[in-house]
Structures are given as structure tokens and as C-alpha cells.
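Residues per chain are reported as follows:
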Amino acid sequence: AAPQRMQPTGRGNRAGARGTRRSQRVVDHDVPPIIVDRLIKSYNGTLAVHNLSFVVQPGRVTGFLGPNGAGKTTTMRILVGLATPTTGSATFGDVAYADLARPQQTVGCVLDASFHPARSGRNHLRVLASTAGANDRRVDQLLGEVGLGDVARQSVGEYSTGMRQRLALAAAMLGNPDYLILDEPANGLDPEGIRWLRTVLRDFAASGRAVLISSHLLNEIEATADDIVVINRGRLLAQMPMSELKLGEGTTRARVSDMRAALQALAALGAEVQTAADEHGAYLRIHSHDVGQVGSALFGSGIVVDELVTERRDLEQEFFSMLEGSR
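Residues numbered from 1 in each chain as written. Predicted model: local features only at pLDDT ≥ 70, side-chain atom pairs only at ≥ 80, totals over all residues. Heavy atoms only, no water.

## Regarding the overall build of the chain
Here is step 1 of the chain: When helices and strands are counted, the chain shows nine helices and 13 strands.
Here is step 2 of the chain: For the chain, the C-alpha atoms occupy an extent of roughly 75 × 45 × 45 Å along the three principal directions.
Here is step 3 of the chain: Across the 327 residues that make up the chain, the buried fraction comes to 46%.
Here is step 4 of the chain: Taking the intrachain contacts of the chain between residues at least 6 apart in sequence as the baseline, contacts between residues at least 24 apart amount to 70%. (Helix = DSSP H or I, 4+ residues; strand = E, 2+ residues; numbered from the N terminus. Buried < 20%, exposed > 50% of the residue type's maximum accessible area, 1.4 Å probe, protein only. Contact = heavy atoms within 4.5 Å.)

## What to know about the sheet that holds strand E1 (residues 34–43)
Here is step 1 of the chain: Sheet architecture is open: three strands sit in the order E2-E1-E4, paired in antiparallel fashion. A single partner strand is all that each edge strand has here, and the edge strands are strand E2 (46–56) and strand E4 (87–92). Strand-to-strand, the axes of this sheet are offset by a mean angle of 20°, without reference to chain direction.
Here is step 2 of the chain: Contacting E1, E2 and E4, helix H1 (residues 72–79) runs over the sheet at an angle of about 115° to E1. (Pairing = 2+ DSSP bridges. Axes fitted to C-alpha atoms, helices over the stretch in contact; angles between N-to-C directions.)

## Here's the deal with the packing of helix H2 (residues 121–132) against helix H3 (residues 136–145)
Here is step 1 of the chain: Between H2 and H3, the least distance of the axes is 10 Å, while the angle of their chain directions is 135°. Between H2 and H3, the interaxial angle falls into the category oblique. Between H2 and H3 the crossing geometry is right-handed. Every residue of H3 that contacts H2 at Arg122, Leu125, Arg126 and Ala129 is listed here: Asp136, Val139, Asp140 and Leu143.
Here is step 2 of the chain: The residue makeup of the contact of H2 with H3, split by class, is four nonpolar, no polar and four charged. (Parallel < 35°, antiparallel > 145°, perpendicular 65-115°, else oblique. Left-handed = near helix turned anticlockwise from the far one by under 90°. Nonpolar A, V, L, I, M, F, W, Y, C, P; charged D, E, K, R; others polar.)

## As for H3
Here is step 1 of the chain: Among the residues making up H3, those that are buried are Arg138, Val139, Leu142 and Leu143. Along the axis of H3, the buried residues cluster in a sector spanning 135°; they form a single face.
Here is step 2 of the chain: Buried positions along H3 lie against H2 and helix H4 (161–173).
Here is step 3 of the chain: Where H3 begins, one side-chain oxygen reaches toward the backbone nitrogen of Arg137, 3.2 Å away; that side chain belongs to Asn135. (Arc of directions from axis to C-beta. Polar contact = N/O pair within 3.5 Å; in protein donor to acceptor, adjacent residues only side chain to side chain.)

## Remarks on the environment of Asp278
Here is step 1 of the chain: Among the secondary structure elements, Asp278 is positioned in strand E11 (residues 272–278).
Here is step 2 of the chain: Judged by relative accessible area, Asp278 falls into the partly exposed class, the value being 29%.
Here is step 3 of the chain: In contact with Asp278, other than residues within four places in its own chain, are Arg255 and Tyr283.

## Topic: the pattern of salt bridges
Here is step 1 of the chain: Per the counting criterion, the structure on display carries eight salt bridges.
Here is step 2 of the chain: Between Asp227 and Arg60 there is a salt bridge, and its shortest N-O distance comes to 2.6 Å. Here Arg60 lies in the loop between E2 and strand E3 (61–65) and Asp227 lies in strand E8 (residues 227–232), a separation of 167 residues in the sequence.
Here is step 3 of the chain: Judged by its relative accessible area of 10%, Asp227 falls in the buried class.
Here is step 4 of the chain: When the shortest N-O distance is used, the salt bridge between Arg255 and Asp278 registers 2.7 Å. With Arg255 in strand E10 (residues 250–256) and Asp278 in strand E11, the pair connects residues that are 23 residues apart, well separated along the chain. (Salt bridge = Lys/Arg side-chain N within 4 Å of Asp/Glu carboxyl O.)

## Let's talk about the sheet that holds strand E9 (residues 235–241)
Here is step 1 of the chain: Pairing in this open sheet of six strands is mixed, and the strands run E5-E6-E7-E3-E8-E9 from one edge to the other. Lying at the two open borders of the sheet, with one neighbouring strand each, are strand E5 (107–110) and E9. The sheet shows a mean angle of 15° between the axes of neighbouring strands, taken without regard to direction.
Here is step 2 of the chain: In the sheet, E5 pairs with strand E6 (residues 179–183) via four bridges, with the strands oriented parallel. When the bridges of E6 are listed, Val107 appears paired with Tyr179.

## A word on the pairing of strand E7 (residues 210–214)
Here is step 1 of the chain: Counted residue by residue, E7 has five buried out of five residues, so it is predominantly covered.
Here is step 2 of the chain: Side-chain alternation along E7 places Ala210, Leu212 and Ser214 on one buried face and Val211 and Ile213 on a second face that is also buried.
Here is step 3 of the chain: By the bridge criterion, four bridges tie E3 to E7 in an arrangement that is parallel. The residue bridging Gly63 from the neighbouring strand is Ile213, located in E7.
Here is step 4 of the chain: Note that E6 and E7 share five bridges and pair parallel. Residue pairing across strands places Leu180 opposite Val211, the latter belonging to E7.
Here is step 5 of the chain: The handedness of the E6 to E7 crossover, carried by helix H5 (residues 191–206), is right-handed. (Right-handed = clockwise from strand over helix to strand, strands pointing away.)

Here's what the structure looks like:
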């Protein structure tokens, strides 16, 4: 079904952003959502994106997830006018990128962190600044904010991969846009850089603007995103707030000498039990009871326990479960 077109909700603080964020000046204008509506993209008869619909809300960071070849980059390229949809649309509110009056001041995008190797980082931004409505002061401010102030006059060919990612983000931010669209922006960043990027993106969203970010670093998406959109083979698998996944809640995994006796002992507790198997053999997964209760029940029934641990649900488990369900 086509996503509902949601109207901006005023100029106050946007509710619902996950976690506590640093104080940030809220933008003084309404930012409409990004709307992907029944999008289809075919290359020589092969569907890269198939009837894809989702919404990216302002004031939130949306993680865009899927395996390689799922259609994420194609969707992002369509959003910023680098590819033409076969049918459907991908717009900012109801406006396509090609129809934006000031594209760089509306959308910041990083799909490929590549630069002329002989040009300095500062000169690269100065070239882009002329069409972004930015001056040299803004260029120098951004270089400082992304941690490149000390190497601003160094040639980009001498930059590490992580430094190039920082420069690409600075380029996307030149026009002080309302939207950030980033494809794998954490590639090449060290742990400190990843933590820095997380703060930048969450602060950007907290100001009332919208972030769409694709990444294979699922633990980082879990720490950063408010919502997720999951696709596979160009089709939507899920769109939901991260809070609905209830990540961090645990189940108990038990490997025992007698599965039948263990099931009977746990049934007396009223526990929800599933049988499963992995490369180490069969085991029980127990929901709704903590590990202490499970261990006491099994011990009291004289059952030998080979393993008893708590498993915590994380985004990686949920992601692969969604992919398995789509096959």
C-alpha cells in the first residue's frame, strides 16, 4: 500500500526521537518527510526495486537495511536524481529532487566518498560552497567540526579512508540541509570516529531534520537509529520504530541431558519453551522466565545441565530473522 502522506506537525520540538540528545537549536521551519511511494526500478528487465514504499520522518534517524544487492543504493540514487524510476516516486514531501529550488540547501548526500586526489580538503569544499550558498567561514567551520581543521590544506590523496568520510560529510552539510542521505558513512572510521558520527547524526535529527542512513554495521544502527526500514530483493520487509523490536530482552538457552524431562519440568513453571538446534546440537529456548528460575526447575528435577545462558535479542538477530522469513 502507498504510504500515508503525513503533514509537518509545527515548529516546536519533534517528539519521539529515541534517547536523550544534547540541546540543539530546532529548525525554524517545517521539514516534510521523505516519501518513497510504490517505487519500481528495472534494469534491462531485472527488478532492482519492486513496489517499494516507506516514509522517513523528520526528527528521527532512519536506518536503511538490507543485504548486498537489496536495492538500497538504487533507492538512494533515485531519491537524489541520479537514477530515474521506472514507475513510482521518491520525494521530499511531494517534491522531487530535480524540482528543488536549492538542492544543496535542502538535501545533503554521501553515496561515494571520492575526491580529486591533488586538491586539498579545504579547496574541495570551497568549490562546492559556491553553489551551496556557503562562504569560506562556513567551510572552515565545518572542517573544524568534522575534525579536519589541522589537515584542511593537505591534499585529499594523503587522507585515510576515515578522513575522506569526514570530508564527505562536511560537503553534505555545506548548505545546512534539512535532509541527510548517507550510504555506508561509517566505512573506514575508527571506534572514536563511529562514536562521533553517531552524535552528529542524532543531533542533526534532534533539530527537527531527517536522516536516512544505510549501513552493514548493525550494532551501530541499533545504537543510532530511531526507526528501521528493511528491504530484500527490492521489496519492503519491515518498517518500524526500533522500540517495537524490544531489543535487549532476554531468553534462556539450555542444553540438557534429557530434553523430554526438561520440557516436563519447565511446563510445570508455565514457561514458554521452544526446541532448536545449532552446530552444537539440540537445545531449549525458554521465554518469560529468568535463568535462575530455569536452573532451579531443572536441578530440582535431577536433570543434568550442560549449558545454561541468557541470550539477549539484538538487531542482528532480528535482521537475519526477517531475511529468513522472506525466503
